[in-house]
Amino acid sequence: MTESENLFERAKKVSPGGVHSPVRGFRGVGGTPRFIRSAKGVELLDVDGNRYVDFCMSWGPLIFGHQDPDVREAVEAALGRGWSYGTAEPYSLELAELITGEISWVQKIRFVNSGTEATMAAARVARGATGRSKILKFDGTYHGHADSFLVRAGSGLAEMASPDSAGVPRELAEATIVVPLDDLKSVEEAFSLHGKEIAAVMIEAIPANNGLLLQKDGFNRRVMEIAHKQGALVIYDEVITGFRVGFGGMAEREGLSPDLVCYGKIIGGGFPVGAYGGRADLMDLVAPAGPVYQAGTLSANPVAMSAGLAMLKKLKRENPYSRLEARTTALADRLEEIAHEKGAPIRVQRFASMFWTVMGEVATADGVVRTPTQTPATQKERYARAFHTLLAEGVYLAPSGYEVSFLSTAHQDGDLERLVKGFAKTLA
Ligand SMILES: *Cc1c(COP(=O)(O)O)cnc(C)c1O
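Scope of this entry: the structure provided in the associated data block.

Reading guide: rules and limits
Residues numbered from 1 in each chain as written. Predicted model: local features only at pLDDT ≥ 70, side-chain atom pairs only at ≥ 80, totals over all residues. Heavy atoms only, no water. Helix = DSSP H or I, 4+ residues; strand = E, 2+ residues; numbered from the N terminus. Expected span 1.5 Å × (residues − 1). Buried < 20%, exposed > 50% of the residue type's maximum accessible area, 1.4 Å probe, protein only. Arc of directions from axis to C-beta. Contact = heavy atoms within 4.5 Å. Polar contact = N/O pair within 3.5 Å; in protein donor to acceptor, adjacent residues only side chain to side chain. Pairing = 2+ DSSP bridges. Axes fitted to C-alpha atoms, helices over the stretch in contact; angles between N-to-C directions. 1 Å grid on protein atoms, 1.4 Å probe; cavity = no way out; pocket = protein on both sides within 12 Å on 5 of 7 lines; lining within 4 Å. Points joined across faces, edges and corners; volume = space filled by probe spheres on them. Near = heavy atom within 4 Å. Nonpolar A, V, L, I, M, F, W, Y, C, P; charged D, E, K, R; others polar. Left-handed = near helix turned anticlockwise from the far one by under 90°.

As for helix 3 (residues 90-102)
Item 1. Taking 1.5 Å per residue, 13 residues should reach 18 Å; helix 3 reaches 18 Å between its end C-alpha atoms and fits that length.
Item 2. What helix 3 keeps buried is the set Tyr91, Ser92, Leu95, Ala96, Leu98 and Ile99. Buried residues of helix 3, seen end-on, are gathered within an arc of 160° and therefore sit on one face of the element. Across from the buried face of helix 3, at angles greater than 90 degrees, the exposed residues are Glu97 and Gly101.
Item 3. Structurally, helix 3 contributes buried residues whose contacts are with strand 4 (108-112) and helix 11 (302-318).
Item 4. Where helix 3 starts, the residue carrying a side-chain oxygen 2.9 Å from the main-chain nitrogen of Tyr91 turns out to be Glu89.

Some points on the sheet that holds strand 11 (residues 346-351)
For sheets, the rule is that strands pair by backbone hydrogen bonds, running either parallel or antiparallel.
Item 1. In space, the 3 strands of this open sheet follow the order 11-12-14, with antiparallel pairing throughout. Each having just a single partner strand, strand 11 and strand 14 (405-406) make up the two edges of the open sheet.
Item 2. In this sheet, strand 12 (residues 354-359) lies alongside strand 11 in antiparallel orientation, the contact comprising 6 bridges. Counterpart to Arg350 in the pairing with strand 12 is Phe355.
Item 3. Against the sheet, helix 12 (residues 321-341) engages strand 11 and strand 12, with an angle of about 175° to strand 11.

Topic: the environment of Arg127
Item 1. Here Arg127 lies in helix 4 (residues 115-130).
Item 2. In sequence terms Arg127 and Val292 are 165 residues apart; their C-alpha atoms lie 9.2 Å from each other.
Item 3. In this structure Arg127 touches Arg132, Ser133, Ile135, Ser148, Ala175 and Ala199, once residues within four positions along its chain are discounted.
Item 4. Side chain to side chain, Arg127 and Ser148 meet in a polar contact 3.5 Å long.

Topic: unusual backbone geometry
Item 1. Of note, the amide linkage connecting Ala287 to Pro288 takes the cis form, showing an omega dihedral of 5°.
Item 2. Note that Pro288 resides in the loop between helix 10 (280-283) and helix 11.
Item 3. A positive phi angle, close to 65°, is found at Phe243, a residue other than glycine.
Item 4. Assignment of secondary structure puts Phe243 in the loop between strand 8 (233-237) and helix 9 (249-254).
Item 5. Even without glycine at this site, Lys265 takes up a positive phi of about 45°.
Item 6. If you trace the backbone, Lys265 turns up in the loop between strand 9 (260-263) and strand 10 (274-278).

Some remarks on helix 1 (residues 3-14)
Item 1. With 12 residues, helix 1 should cover 16 Å at 1.5 Å per step; its first-to-last C-alpha distance of 17 Å lies within 8% of that length.
Item 2. By the burial criterion, the buried members of helix 1 are Ser4, Leu7, Phe8 and Ala11. Taken around the axis of helix 1, the buried residues stretch over an arc of 105°, which confines them to a single face. Residues of helix 1 that are exposed and point over 90 degrees away from its buried face: Arg10 and Lys13.

Thoughts on the sheet that holds strand 3 (residues 51-54)
Item 1. The strand order 1-2-3-13 describes an open sheet built from 4 strands, whose pairing is mixed. A strand with exactly one partner marks an edge of an open sheet, and here the two such strands are strand 1 (36-40) and strand 13 (395-396).
Item 2. With 2 bridges connecting them, strand 3 and strand 13 associate as parallel partners. In the sheet register, Val53 faces strand 13, and the bridge partner there is Val395.

Here we look at the layout of surface pockets
Item 1. Estimates place the volume of the second largest pocket at around 560 Å³.
Item 2. Of all the secondary-structure elements, those providing two or more residues to the lining of the second largest pocket are helix 3 and strand 4.
Item 3. Here the element with the most residues in the lining of the second largest pocket is helix 3; it accounts for 5 residues.

Some points on the site of the ligand
Item 1. Lining the immediate surroundings of the ligand are Ser114, Gly115, Thr116, Tyr142, His143, Gly144, Glu204, Asn209, Asp237, Val239, Ile240 and Lys265.
Item 2. Here an oxygen atom of the ligand and a side-chain polar atom of Thr116 are 2.5 Å apart.
Item 3. Tyr142 has a polar backbone atom sitting 3.3 Å from a nitrogen atom of the ligand.
Item 4. Classifying every residue of the shell around the ligand by side-chain character gives 3 nonpolar, 6 polar and 3 charged.

Remarks on the packing of helix 3 against helix 11
Item 1. At a minimum axis distance of 8 Å, the contact between helix 3 and helix 11 shows a crossing angle of 30°. Two packed elements cross with a definite hand, and for helix 3 against helix 11 that hand is left-handed. Every residue of helix 11 that contacts helix 3 at Tyr91, Ser92, Glu94, Leu95, Leu98, Ile99 and Glu102 is listed here: Pro302, Met305, Ser306, Gly308, Leu309, Leu312, Lys313 and Lys316.
Item 2. Partitioning the contact of helix 3 with helix 11 into residue classes produces 8 nonpolar, 3 polar and 4 charged.

So this is what it looks like as structure tokens:
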């Protein structure tokens, strides 16, 4: 028995499924999760002494890799000042000023502790602002695990029997309208049926929690126009895409100004941070300035704020985006080439520094997967096999065929080569 297996047995006795977030449990790929003792750069070291090149990167936050020296330095300095004051402090102010100074549609911002909290609060603001109750979302997008959004949502659920969670009251689920991705007609129909009840459309700026479901150019823009015409707000969920596809996220790339935007992941430099922000008139509805209540004992934690600040400053300074994107594109092309040579029907969908391997025949005309139903039925099983072959080769991908992988600036050519070689082996 390996030490990971031993720890997993113990963990299952004291925590549901032995983990604290579902996809970590390896249900999607089978086998035992590796218990990680430490991580540095691109490398994970498990309790059995195995080393892996990490392409999961804590699910996105670590765009500079593990233990980035600038983040570490900021965190160590912050620790020396104490780690929770429960009152006003200058660190969140500096981070808020940096973000609002750089991103014009974020006029005001509130820090919370996770992406889930951010989307939950943004929806509350939208409801408070409009006096309407319904939220429109898309089938297969994930916005964290608040009740309103656990309706046809994302990878953790894609691996369960139902796309919805037990324990969400029907009355609440009914306040969420779900329409298919890549289908503007359905958006228009939903608005013509429920227009006056819809407080906001919640858009996952690039749906990246159920595979990387690339939408056609202009899709988000058109959804935004339809929503605004009916007096609904647009909430951009940029928890993954914010500071990843560009400093200003997807909205910046598309030239759009959403009413409200949600951040998480990168914004905390690897610490638990989320944020929601947007138009000043909307954000001023939040307590204590306004009537929409939202609070947090540990919100704007000074250590986490310092980590986030170091991360975002470094992103501004180094602007790694085009380089990351070029390397990801080259990597994805290379993987497709190898698959093509071996006659394997594999496509690597990519955007900026994210990529997702589609394993099987895709029935769409251009071969692009844009909705969860277009993902081949072979995905789960084939990905699971590839995942374990790669794991044995010392490469750690996200342990689910419905999750994306991430490149960081810490990945060197040799690390990518490791993935390419391992991938070729999975096809042998
Ligand atoms: C990760 C994620 C969330 C949830 O964030 P947590 O910090 O896990 O609560 C919400 N929306 C999107 C798009 C995400 O990728």
